[in-house]
Amino acid sequence: MSALTNDMRTATGVITRSNTGIPSSRLAMWFLLGGEVLIFGGLLVSYMMGRLAHPEWAEEAHHTATTIGFINAIILLTSDLFVVMAHADAQRKDGASAAKNIMITVALGLAFLVIKGFEYSHEISAGLTIHKSVFWAYYYLITGIHGSHIVVGIIALTLVARTAKRGEQLQRVETAGIYWHFVDMVWLIVFPLLYIAK
Amino acid sequence: MGSSHHEPTFTEKYIFPLDHKNIGLQYLLTAMFMACVGGFLAYVFRMKLAWADAPVPLVGDVDGGLYNSMVTMHGTVMIFWVAMPTLIAAFGNFLIPLMIGADDMAFPRLNRLSYQIFLLSAIILIASFFVPGGSASGAWTFYPPLNSSKIVDGVVEMHNGGVYWGGNLWILAVALEFASFLLGGINFMTTTLNLRTKGMGLFQMPMSLWMINIASLVFALSVGPLVAGAIMMLSDRMVGTGFFNPELGGDPVLFQHLFWFFGHPEVYVVLLPALGFFADIIPVFARKPFFGYRIVVYFTLFLGALSFIVWAHHQFQAGIDPRMANYFTITTIIISIPFGVMLFALILSLYGGSIRFTVPMLWAISGVAEFLVGGITGIHLGTSASDIYFHDNYFVVAHFHYTLFPATFFGAFAAITFWFPKWFGRHLNEGLGKLHWMLTVVFFNGIFIPLFITGLNGQHRRIYDYKAWDEMNTPAQHNLNVIATICLLGLLATQLVFLLNFFRSWASGPKATANPYNATTLEWAAASPPPHGNFDKVLTVYRGPHEYSVPGAKEDFSPQWIQ
């Protein structure tokens, strides 16, 4: 089981290698997402256990806006398409096109946040605040932590688009894209748990 | 390559370093400072336990609140700011690139960021002593309702006189510390998987690397639920939600689950690197290979997986379902199998060797022996029936100190004394090292053997003044507490010998050669201390890490890098 060696020298003379064949940045992203799975896993399993122990939460869940949640799910899934197209551009070394597709993704991410913001304000004005019950506390915490991941993803993708536009650091497109896919995947679990399961 | 790196300036080397060895040094020195803080906290509450009526010198009168705050912060500091930074961060940083034949970590700037977040977390933790109400005081496990609050008309009410700002800062500091170690661990695992030099397969790696990486993986996969729990706790305290408040429909036991899902794997995060150091040090001074290398690796992976399904043995008395307690008893007792394999492998590595009792070897052997005491007393606590009696008394305190003290301090002292010549290019004083070892072993046992007995006799660990419980406070019990406290004072004083030895040798110890122990792993191929960039040529690995006394070889050690 001896390791492969494909030593490469960076500009500063440091040796980099990739024994696994997976670039270090992508490997690190997978480890990070492994940790993230457990953060969301802890939250969602806590919520599910609470939901099982409290049948009365079904009454509260009745008030979540399924249509808006569904529209947001479609928006995120569409944004995934543009991330994949950006990745394909990056593989063709077409940085300018990759940057364009990333910015469409960012725009869809912002649209998600704007819709979510309207949803929050609608709920809060209807008295469905974080203090109303533990269900709503979970609702705001889970969607809030998910939303903060969307914000981080938007910032990361914007930074990646800036370098990709100049045709530099194109491997970052894939790394940031993996993160974006993960955040969207989380919504596909959050959406049925909070919006569909009435 | 060494020649193509420019030598860093003072600021680049000590203030904002990118070099893995200097970041490791930052972690080590920060942890040594925090160990002094943690030791001082132990001094305060042990003095109170031995002489409840007298003011504690340097501190004054210790009331119940201050006592709780000292105990809470002692546990927090020692686990998160001493054990983890020393064993994983400091030695992980120093050893990983050197042992795999790499120039540096995969992400040097991420590495620097990890330390800076860690330093910030340490500063916030220290600052929490000085906010109104003092530091957190609801034990390092931070259970609700002791640590939760309720908000009535915008006014925060803590339950049972808990601490508000100190507790909030505690959560913030711990969360930052987790972020730092998550990033650091990702860096370690990526570096180990991707940056190994030619010929360095996974099974050619020294045991320290296996153990540090398994610990990093276990940490990364266990910390998530507690991050979620910490956010929920902060929201309960500062926003007024009721995740853990039964009054509002929440569940306080949920926090215990989230905490111990992380908390139990965390114990192995601390133990495994220390066992890895022992497994790399013992072959050097027994001049024979480590016994059962692959078996130990497989069993450690098994242990890592098992550590995720034992957590509720910390909650046998929390009102969990007895059927669930049965299940967790069984998984907990199964844990003794991989640990038994590891300890026997360490002991059998000595069998038939030509043993040299150098200072690191003494630390390693005594560390294994002391850890065995901790492991065996754990069986009583892992069994739900006997835990009903032992729960939360001093037997538990003595048990976990017999596991964590050998791991943290015997492990760290073994590693520091073993790799000191490589790290600083100078030798420690052997005589002072042996004196420090001997006194530490004597005083450590002098503290915790009495506590096993007071615990068996029923003394409870959360009581700061036993005058109100006459039947518990017999002269015999009190004398045992006094013995433990006197031994703690001895233990703290003994560490001055180590600090003297460490800093004097760093400044002016005798110079070390590149491979003073005739050892075989790659770090000994670099100069002592290794320059920026580590090695002067790209190394190729030809054999496993512990090839000592190979029949037919010219010398009794066959380095990995020489064909």
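Thresholds applied
Residues numbered from 1 in each chain as written. Chains lettered and ligands numbered in written order. Predicted model: local features only at pLDDT ≥ 70, side-chain atom pairs only at ≥ 80, totals over all residues. Heavy atoms only, no water. Core = buried A, V, L, I, M, F, W, Y, C linked by side-chain atoms within 4.5 Å. Buried < 20%, exposed > 50% of the residue type's maximum accessible area, 1.4 Å probe, protein only. Helix = DSSP H or I, 4+ residues; strand = E, 2+ residues; numbered from the N terminus. Contact = heavy atoms within 4.5 Å. Axes fitted to C-alpha atoms, helices over the stretch in contact; angles between N-to-C directions. Parallel < 35°, antiparallel > 145°, perpendicular 65-115°, else oblique. Left-handed = near helix turned anticlockwise from the far one by under 90°. Phe/Tyr/Trp six-rings, centres within 6.5 Å; stacked < 30°, edge-to-face > 60°. Lys NZ or Arg CZ within 6 Å of the ring centre and 35° of its normal. Buried area = accessible area lost by both parts, 1.4 Å probe. Salt bridge = Lys/Arg side-chain N within 4 Å of Asp/Glu carboxyl O. Patch = residues over 30% accessible without salt bridge, like charges linked within 9 Å, V, L, I, M, F, W, Y side chains within 5 Å. Areas by Shrake-Rupley, 256 points an atom, 1.4 Å probe, with all protein chains shown as cover. Expected span 1.5 Å × (residues − 1). Pairing = 2+ DSSP bridges. Disulfide = S-S within 2.5 Å. Nonpolar A, V, L, I, M, F, W, Y, C, P; charged D, E, K, R; others polar. Polar contact = N/O pair within 3.5 Å; in protein donor to acceptor, adjacent residues only side chain to side chain.

Participant: Please set out the nonpolar core residue by residue, giving values where relevant.
Facilitator: Across soluble globular proteins, nonpolar side chains show a tendency to be buried alongside one another. Residue and element names in this part refer to chain B. One finds Phe91 and Trp419 to be the most contacted residues of the largest nonpolar core, which totals 239 residues. Per-element accounting of this core gives the leading share, 23 residues, to helix α7 (residues 252–286). Excluding its chain neighbours within four sequence positions, the residues that come into contact with tryptophan 419 are Phe91, Phe94, Leu95, Met99, Ser208, Phe277, Glu523 and Trp524.

Participant: Before we move on, can you summarise the packing of helix α3 (residues 64–100) of chain B against helix α4 (residues 108–127) of chain B with the specific residues and values?
Facilitator: Residues and elements named next belong to chain B. Packing of α3 against α4 leaves a shortest axis separation of 12 Å and a crossing angle of 165°. With respect to their mutual orientation, α3 and α4 come out roughly antiparallel. The handedness of the crossing between α3 and α4 comes out as left-handed. When α3 is examined against α4, the residues Met73, Thr76, Val77, Phe80, Trp81, Pro85 and Asn93 are found in contact with a partner set consisting of Asn111, Phe118, Ser121, Ala122 and Leu125.

Participant: Got a sec to walk through the packing of aromatic side chains? Specific residues and values, please.
Facilitator: Counting across every chain of the model gives 89 aromatic pairs over all chains. Here the aromatic rings of Tyr27(B) and Phe118(B) are separated by 5.3 Å at their centres, their planes lie at 45°, and the arrangement is tilted. Taken together, the residues Tyr27(B) in helix α2 (residues 20–50) and Phe118(B) in helix α4 connect sequence positions 91 residues apart. Per residue, the accessibility class of Tyr27(B) equals that of Phe118(B), and both read buried. Judged by centre distance (5.2 Å) and plane angle (85°), the rings of Trp363(B) and Phe410(B) are edge-to-face. Placement of Trp363(B) in helix α11 (residues 359–382) and of Phe410(B) in helix α13 (residues 394–424) is noted, with a sequence separation of 47 residues between them. Of note, Lys116(A) hangs over the ring of Tyr120(A), and the distance from its end group to the ring centre comes to 4.9 Å. Here the guanidinium or amino end of Arg294(B) rests over the ring plane of Phe203(B), the centre of that ring lying 4.0 Å away.

Participant: Please provide a residue-by-residue account of the interface of chain A and chain B, values included.
Facilitator: On the chain B side, the residues contacting the 38 residues of chain A number 43 residues. Carbon and sulfur atoms make up 69% of the area that chain A and chain B hide from each other, which totals about 3,200 Å². Where chain A meets chain B, there are zero salt bridges. Secondary structure elements with two or more residues in the side of chain A that touches chain B: α1 (24–53) and α5 (134–165) of chain A. Here the element with the most residues in the side of chain A that touches chain B is α1(A); it accounts for 13 residues.

Participant: Which residues make up a nonpolar patch on the surface, and what values go with them?
Facilitator: Residues and elements named next belong to chain A. Where nonpolar side chains cluster on the molecular surface, the patch consists of Phe70, Ile74, Leu77, Met185 and Leu188 and spans about 450 Å² of accessible area. Elements with a contribution of two residues or more to the nonpolar patch: α3 (66–91) and α6 (171–196). Take leucine 77: it is sitting in helix α3. Note on leucine 77: relative accessible area 41%, which makes it partly exposed.

Participant: Tell me about helix α8 (residues 293–306) of chain B, and please be specific about residues and values.
Facilitator: Residues and elements named next belong to chain B. Spanning 14 residues, α8 covers 20 Å between terminal C-alpha atoms, matching the ideal 20 Å at 1.5 Å per step. Among the residues of α8, Tyr293, Val296, Val297, Thr300, Leu303, Gly304 and Leu306 are the ones counted as buried. For α8, the elements touching its buried residues are α6 (207–238), α7, α9 (322–334) and α10 (336–348).

Participant: Tell me about the pattern of salt bridges, residues and numbers included.
Facilitator: Under the counting rule described, the total for this entry stands at 13 salt bridges over all chains. A salt bridge links Arg92(A) to Asp89(A), with the shortest nitrogen-to-oxygen separation between them at 2.6 Å. Relative accessible area serves as the criterion here: at 56%, Arg92(A) is assigned to the exposed category. What makes Asp89(A) buried here is its relative accessible area of 4%. As a salt-bridge pair, Arg287(B) and Asp556(B) come within 2.9 Å of each other at their nearest N and O atoms. Placement of Arg287(B) in the loop between α7 and α8 and of Asp556(B) in the segment after α15 (475–508) is noted, with a sequence separation of 269 residues between them. Using a relative accessible area of 3% as the deciding quantity, one classes Arg287(B) as buried. Accessibility expressed as a relative area gives 27% for Asp556(B), which makes it partly exposed. Because the salt bridges share partners, they merge into one network encompassing Asp53(B), Asp465(B) and Lys467(B).

Participant: Got a sec to walk through the pairing of strand β2 (residues 155–158) of chain B? Specific residues and values, please.
Facilitator: Bridge count for strand β1 (residues 149–152) of chain B against β2(B) is four bridges, and the pairing is antiparallel. What sits directly across from Ser149(B), in β2(B), is Met158(B).

Participant: Summarise unusual backbone geometry; cite the residues concerned and give the values.
Facilitator: Residues and elements named next belong to chain B. With an omega dihedral of 0°, the bond running from proline 144 to proline 145 counts as a cis peptide bond. Residue placement: proline 145 occurs in the loop between α4 and β1. Phi at asparagine 518 takes a positive value of approximately 55°, unusual for a residue other than glycine. Position of asparagine 518 among the secondary structure elements: in the segment after α15. A relative accessible area of 35% means that asparagine 518 is categorised as partly exposed.

Participant: Can you break down the state of the cysteines residue by residue, with the values?
Facilitator: Applying the stated criterion to the full structure yields zero disulfides over all chains. A disulfide-free cysteine, Cys36(B) has its sulfur positioned 20 Å from the sulfur of Cys487(B), the nearest such atom.

Participant: With reference to specific residues and values, describe the packing of α11(B) against helix α14 (residues 430–456) of chain B.
Facilitator: Residue and element names in this part refer to chain B. It is the contact of α11 with α14, at a shortest axis distance of 10 Å, that shows an interaxial angle of 10°. Compared by their axis directions, α11 and α14 come out roughly parallel. Contact with α11, carried on its side by Val359, Leu362, Trp363, Ser366, Glu370, Val373 and Thr377, involves Glu430, Gly433, Lys434, His436, Trp437, Thr440, Val441, Phe444, Asn445 and Phe452 of α14 and no other residues of that element. When the residues that make up the contact of α11 with α14 are grouped by side-chain class, the tally is eight nonpolar, six polar and three charged.

Participant: Go over the environment of Asn534(B), please, and point to the residues and values.
Facilitator: Residues and elements named next belong to chain B. Its place among the elements puts asparagine 534 in the segment after α15. Those residues in contact with asparagine 534 that lie beyond four places of it in its chain are His20, Lys21, Pro97, Leu98, Ala102, Asp103 and Ala526. For asparagine 534, the side chain forms a polar contact with the side chain of histidine 20, separated by 3.0 Å.

Participant: How would you summarise the environment of Val186(A) if you had to cite specific residues and measurements?
Facilitator: All names here are of chain A. Along the chain, valine 186 falls in helix α6. Residue classification places valine 186 among the buried residues on the basis of a relative accessible area of 6%. Separated by 43 residues in sequence, valine 186 and threonine 143 have C-alpha atoms that sit 10.0 Å apart.

Participant: Just give me the short version of the side chain of Asn393(B), but keep the residues and values in it.
Facilitator: Residue and element names in this part refer to chain B. In this structure, asparagine 393 sits in the loop between α12 (384–390) and α13. A residue is classified by how much of its surface remains accessible, and asparagine 393, at 3% relative accessible area, is buried. Reaching out from asparagine 393, the side chain makes a polar contact with the backbone oxygen of tyrosine 389 at a distance of 3.4 Å. Excluding residues that lie within four positions of it along the chain, asparagine 393 makes contacts with Gly455, Gln459, His460 and Arg461.

In short, the description is geometric, and any link to function would need to be established separately.
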